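Overview (structure and organization)
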Amino acid sequence: GRVRLPIVATDVGGVRELMGHAGELVPSDDADALGGALTRLVTEPGLRTEVAAAAGERAAERFDAGVLARTWHSTYAALVGRSSDEGAVSV
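A short tour of the structure in this document, coming up. Everything numeric in this text was worked out from a predicted model, so none of it was measured. (Residues numbered from 1 in each chain as written. Predicted model: local features only at pLDDT ≥ 70, side-chain atom pairs only at ≥ 80, totals over all residues. Heavy atoms only, no water.)

Moving on: the overall build of the protein chain. Scanning the protein chain from N- to C-terminus turns up 4 helices and 2 strands. Going residue by residue from the N terminus, the α and β elements of the protein chain occur as β-α-β-α-α-α. For the protein chain, with 91 residues in total, the buried portion stands at 16%. Within the protein chain, residue pairs in contact and separated by at least 24 positions form 43% of the contacts whose partners lie at least 6 positions apart. Of the roughly 6600 Å² that the protein chain leaves accessible, carbon and sulfur atoms contribute 58%. (Helix = DSSP H or I, 4+ residues; strand = E, 2+ residues; numbered from the N terminus. Buried < 20%, exposed > 50% of the residue type's maximum accessible area, 1.4 Å probe, protein only. Contact = heavy atoms within 4.5 Å. Areas by Shrake-Rupley, 256 points an atom, 1.4 Å probe, with all protein chains shown as cover.)

Below, the structure is given as structure tokens:
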């Protein structure tokens, strides 16, 4: 199967939206919070397993190759389906 790893990330840019509730999110300028999140994942196997499972599910739902292919295909089909007077760019 797939390797499922827990995620600890800083709350910058679009990370919150990408990650959802699938990991530990810490402020970007808080080294203590980052260290605390990493320590919790190392010392609490149950938490580590839970966070890794959530991250794996999130990745499968949003970033699996099949999901991405269908998303790109539907986006491309929608763009190609537009007439030039609707503002589509000719390819």
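Among the surface-exposed residues, L18, F63, L68 and W72 lie close enough to one another that they form a single nonpolar patch of about 440 Å² accessible area. Its location among the elements puts W72 in helix 4 (residues 65-81). (Patch = residues over 30% accessible without salt bridge, like charges linked within 9 Å, V, L, I, M, F, W, Y side chains within 5 Å. Salt bridge = Lys/Arg side-chain N within 4 Å of Asp/Glu carboxyl O.)

Another aspect to go through is the packing of helix 3 (residues 45-63) against helix 4. Where helix 3 contacts helix 4, the two axes come as close as 6 Å, and the packing angle between them is 30°. Judged by the inter-axis angle, helix 3 sits roughly parallel to helix 4. In contact with A60, E61, R62 and F63 of helix 3, helix 4 contributes A65, V67 and L68. Considering only residue class, the contact of helix 3 with helix 4 consists of 5 nonpolar, no polar and 2 charged. (Axes fitted to C-alpha atoms, helices over the stretch in contact; angles between N-to-C directions. Parallel < 35°, antiparallel > 145°, perpendicular 65-115°, else oblique. Nonpolar A, V, L, I, M, F, W, Y, C, P; charged D, E, K, R; others polar.)

We now examine helix 3. Helix length check: helix 3 (19 residues) gives 26 Å between terminal C-alpha atoms against 27 Å at 1.5 Å per residue, within 8%. Where helix 3 is buried, its residues touch helix 1 (15-19), strand 2 (24-26) and helix 2 (31-43). (Expected span 1.5 Å × (residues − 1).)

With that out of the way, let us pick up the side chain of R58. If you trace the backbone, R58 turns up in helix 3. Although R58 is buried, it forms no salt bridge, and the closest oppositely charged side chain is E61 at an N-O distance of 5.3 Å. Other than its neighbours up to four places away in sequence, R58 contacts E17, L18, M19, G20, A22 and F63. (Lys, Arg positive; Asp, Glu negative; His and termini not counted.)

A few words now on the pattern of salt bridges. Applying the stated criterion across every chain, the model contains 3 salt bridges. Here R4 ties to E57 by a salt bridge, and the two come within 3.1 Å at their closest N and O atoms. With R4 in the segment before strand 1 (8-10) and E57 in helix 3, this pair connects stretches of sequence that are 53 residues apart. The partly exposed category is assigned to R4, whose relative accessible area is 40%. Between E24 and R40 there is a salt bridge, with the nearest N and O atoms lying 3.2 Å from each other. Pair noted here: E24 is in strand 2 and R40 is in helix 2, with a separation of 16 residues, a long-range link. Judged by its relative accessible area of 33%, R40 falls in the partly exposed class.

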